[in-house]
Structures are given as C-alpha cells and as structure tokens.
Amino acid sequence: MTKCILISSFILLCTSVIESSILSNIIFLPAIPDLSLICVVYFSVHNGKIIGESTGFISGLFLDFLSACPFGFNTLFRTVIGYAGGNFNKTLNTSGFIVPLILGIIATVVKIFIVNLVTLLFPFANLIPYKLISTDCLFQIVFNAVLTPLMFKLLRHFDKSILLKPEEIY
C-alpha cells in the first residue's frame, strides 16, 4: 500500500507541476484541464476509498503549494472526490471510452459545485466562483471529459505499481 501511495504521489506531483506551470501559461486555452483530478479519479476507482481520499488529499496539497489559492482549498474538494470515487471500486469497467468520459464529466461538475459552495460559505476568502453558464466552465468540462479516457489509458501502463492487490483494498 505504501508503494502504491508513493508512486501515485509522484504521478500527482508531475501532473500538478504540468498543470500549474505549463498549462496555466498557455494563453489561448480558455480553461486549464485538471490532470491531477483525473488521476485522483483513476486511483480511487481502481483502489478504493482509502487510496482515493489519500491521493486526493496529496494532490490537493501539491496544488495548494503551487498555486495562489488559500491553503486547503484544493485539498478539500479533491479529498471528497477521491472518497466518492472509491465507492465505485472495482464496479466500473474503465477500459473503454464512454465510462471514463462520464467519470471525467461527473468529477468536474462535482468540483465546480464544491468550489461554488465553498465560495458561498466563505465570501471573504477572496475565492472566485465558477460562473455556471460560461465558456470557462464549459471548456473545463469538455477538456476534462476528453482527456479522461486518454489519461486512463496512459495510467493503465503503470497498473502493476499503482494498483493494489484485491486483498489489500479496503
């Protein structure tokens, strides 16, 4: 289990750095694809709730350190999404295209909902909520939906080192 979390953490660190330093500086992108969220969904769906919430927490910490948002903001919704994805452990066939696409859409919509809820509950935290009917919101959903099957296919190459054995899943 420790090996799984360490390798998953390294993958999440790489995606967080790519997301915050490379993708955020591409001017013509209307929204930044959330690669680390897609990885958290993959880890949680394949390894269960404990790994899902752990990798969600770790990816949130990485992004909190790399971005200018308040500390704990990314950690909150990524932990929730990781735990929720862990509820579908070993029940979804993610080898195709449609199921990962739907998982990417659902994870992004849940992220948008939680971000808007937190900004509503903490109005003085200088957080910018998503405008639900906007091109930024739509593009983020589309980017994540399209990239989720591709990321799942890429992460499948590391299955021997990032997936737990069935007797280790909680």
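Relevant structure appears above.
**What about the nonpolar core?**
Ranked by internal contacts, the top residues of the largest apolar core, which has 28 residues, are Cys39, Val41 and Phe43. Elements represented by at least two residues in this core include exactly α1 (2-22), α2 (35-47), α4 (73-86), α5 (98-121) and α6 (135-155). Sort the elements by how many residues they give to this core and α2 lands first, with nine residues. Other than its neighbours up to four places away in sequence, Cys39 contacts Ile11, Leu12, Thr15, Met151 and Leu155.

**Some remarks on the environment of Leu6**
Note that Leu6 resides in helix α1. Residues Leu6 and Ala68, 62 residues apart in the sequence, show an inter-C-alpha distance of 25 Å.

**Considering the pattern of salt bridges**
Applying the stated criterion to the full structure yields two salt bridges. With a shortest N-O distance of 3.0 Å, Asp34 and Arg78 are connected by a salt bridge. Here Arg78 lies in helix α4 and Asp34 lies in the loop between α1 and α2, a separation of 44 residues in the sequence. Exposure remark for Asp34: the relative accessible area of 1% places this residue in the buried category. Its salt-bridge partner being Asp34, residue Lys111 comes within 2.8 Å of it at the nearest N-O pair. Of this pair, Lys111 sits in helix α5 while Asp34 sits in the loop between α1 and α2; the two residues are 77 residues apart in sequence, bridging distant segments of the chain. Through salt bridges with shared partners, a single ionic network connects Asp34, Arg78 and Lys111.

Thresholds, definitions, all that
- Residues numbered from 1 in each chain as written.
- Predicted model: local features only at pLDDT ≥ 70, side-chain atom pairs only at ≥ 80, totals over all residues.
- Heavy atoms only, no water.
- Core = buried A, V, L, I, M, F, W, Y, C linked by side-chain atoms within 4.5 Å.
- Buried < 20%, exposed > 50% of the residue type's maximum accessible area, 1.4 Å probe, protein only.
- Helix = DSSP H or I, 4+ residues; strand = E, 2+ residues; numbered from the N terminus.
- Contact = heavy atoms within 4.5 Å.
- Salt bridge = Lys/Arg side-chain N within 4 Å of Asp/Glu carboxyl O.

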